[in-house]
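# Coordinate inspection notes
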Amino acid sequence: DTGVSQDPRHKITKRGQNVTFRCDPISEHNRLYWYRQTLGQGPEFLTYFQNEAQLEKSRLLSDRFSAERPKGSFSTLEIQRTEQGDSAMYLCASSFKGLNTEAFFGQGTRLTVV
Amino acid sequence: GQQVMQIPQYQHVQEGEDFTTYCNSSTTLSNIQWYKQRPGGHPVFLIQLVKSGEVKKQKRLTFQFGEAKKNSSLHITATQTTDVGTYFCAADSNYQLIWGAGTKLIIKP
């Protein structure tokens, strides 16, 4: 499968715990995005990487959220001290930089904080 | 910051009726993309429009980009049950996509 893959698909955690999600983008893509989506809403931008450089992080994003993309390949998104409001679908997408910037999404990680 | 407004939020149609969703921006867009998200699924790219006044068709789907590149529409002719889902427009703003809130297509039973 050469698409975007995310792991895990589902995560249930207790409030206050830390969680980490992984995203493996399409190998030729140099852009990688993290989005959060809640029911009935569009994807909310969290952060963006071009290769290994994190170029933008949403101002709405708490300091409890951090993302990395070592070596410009896979990426991880960590949420520290989870809160119930963090419950959402976390989507990763990748794309080329250039004229054709269509984003290919992974199937997402559904986080439930109890 | 740049925003993309999408209407309506929901559209209920009988199977066989048409469906249209609209996106508007206050600023000129470099391009606009359309995605479909099935219930429980992830957004899937449909098309990208780049040129002023561009019209593209995919079977029963017609996509338009306004002359001023500030608005776009997606029209589905004769909806089918397989069309059910939420349709999003997204504007490419340098490094990120600015998403509309989506229009949910609901087929009346």
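Worth saying up front: this structure is predicted, and the values here are computed from it rather than measured.

### Here we look at the sheet that holds strand S8 (residues 75-79) of chain A
All names here are of chain A. Spatially, four strands are ordered S1-S3-S8-S7 in an open sheet, and the strand pairing comes out antiparallel. With partners counted over all chains shown, the strands left at the sheet margins are strand S1 (5-7) and strand S7 (65-68), one partner each. The average angle at which neighbouring strand axes cross in this sheet is 15°, direction not considered. Alignment of S1 against strand S3 (residues 19-24), held across three bridges, turns out to be antiparallel. The residue of S3 that forms the bridge with aspartate 7 is arginine 22.

### Focus: unusual backbone geometry
With the exception of glycine, the majority of residues adopt a negative phi angle, and the majority of peptide bonds are in the trans configuration. Put simply, aspartate 7 of chain A and proline 8 of chain A share a cis peptide bond, and its omega is -5°. Within the secondary structure, proline 8 of chain A is located in the loop between S1 and strand S2 (10-13). With an omega of -10°, the peptide bond between isoleucine 7 of chain B and proline 8 of chain B qualifies as cis. If you trace the backbone, proline 8 of chain B turns up in the loop between strand S1 (4-7) and strand S2 (10-13). Even without being a glycine, lysine 59 of chain B presents a positive backbone phi close to 55°. Residue placement: lysine 59 of chain B occurs in the loop between strand S6 (55-58) and strand S7 (61-65). Since its relative accessible area comes to 85%, lysine 59 of chain B is described here as exposed.

### Description of the interface of chain A and chain B
With 19 residues of chain A at the contact, the number on the chain B side is 17 residues. Around 1500 Å² of area is buried between chain A and chain B when both sides are counted, 52% of it from carbon and sulfur atoms. Viewed at the interface, chain B and chain A are joined by zero salt bridges. At the junction of chain A and chain B, the tally comes to three residue pairs in polar contact (both at pLDDT 80 or more). Where the side of chain A that touches chain B is concerned, the elements lending two or more residues are strand S4 (31-37) and strand S5 (44-50) of chain A. With four residues, S4 of chain A is the single largest residue contributor to the side of chain A that touches chain B. Residues of the side of chain A that touches chain B, tallied by class, amount to nine nonpolar, seven polar and three charged.

### With respect to the sheet that holds strand S8 (residues 71-76) of chain B
Residues and elements named next belong to chain B. The five strands lie next to each other as S1-S3-S8-S7-S6, forming an open sheet whose pairing is antiparallel. Across the chains shown, the open sheet's two edge strands, defined by having one partner strand only, are S1 and S6. Sheet twist, expressed as the mean angle between neighbouring strand axes with direction ignored, is 15°. Strand direction decides the pairing type here: S6 and S7, joined by four bridges, are antiparallel. The residue bridging lysine 57 from the neighbouring strand is threonine 62, located in S7.

### Some details on the side chain of glutamine 50 of chain A
All names here are of chain A. Along the chain, the position of glutamine 50 falls in strand S5. Polar side-chain contacts of glutamine 50 include one of 2.6 Å to the side chain of tyrosine 48. Sequence-distant contacts of glutamine 50, defined by excluding residues within four places in its chain, comprise Asn30, Arg31, Leu55, Arg69 and Lys97.

### Side note on the side chain of arginine 31 of chain A
Tracing the chain through its elements places arginine 31 of chain A in strand S4. Looking at arginine 31 of chain A, its side chain comes within polar contact range of the side chain of tyrosine 33 of chain A, at 3.2 Å.

The rules behind each value
Along each chain, residues carry numbers from 1 onward, in the same order as the chain's sequence is written. Chain A is the first chain written and ligand 1 is the first ligand written, with later ones labelled in order. Totals for whole chains, interfaces and linings use all residues, but because this is a predicted model, local features are given only for residues with pLDDT of at least 70 and pairs of side-chain atoms are given and counted only at 80 or more. Excluded from the side-chain calculations are hydrogens and water; all other atoms, namely the structure's heavy atoms, are used. For two strands to be treated as a pair, DSSP must find no fewer than two bridges joining them. By the criteria applied, helices consist of DSSP H or I runs no shorter than four residues and strands consist of E runs no shorter than two, each listed in order from the N terminus. Convention adopted: a line fitted to C-alpha atoms gives each axis, helices being fitted over their contacting stretch, and angles between N-to-C directions are expressed from 0 to 180 degrees. Accessible area is worked out with a 1.4 Å probe on protein chains only. A residue is then buried under 20% of its type maximum, exposed over 50%, and partly exposed in between. Note on definitions: a residue-residue contact is assigned when non-hydrogen atoms from the two residues lie within 4.5 Å. Buried area is understood as the total, over both parts, of accessible area removed when two parts are fitted together, assessed with a 1.4 Å probe. For this document, the term salt bridge refers to a Lys or Arg side-chain nitrogen within 4 Å of an Asp or Glu carboxyl oxygen. A 3.5 Å cut-off defines polar contacts: any pair of N or O atoms within that distance qualifies, except that in protein one atom must be a possible hydrogen donor and the other a possible acceptor, and neighbouring residues in sequence count only when both atoms are side-chain atoms. The nonpolar class holds Ala, Val, Leu, Ile, Met, Phe, Trp, Tyr, Cys and Pro. Asp, Glu, Lys and Arg form the charged class, and all remaining residues, Gly among them, are polar.

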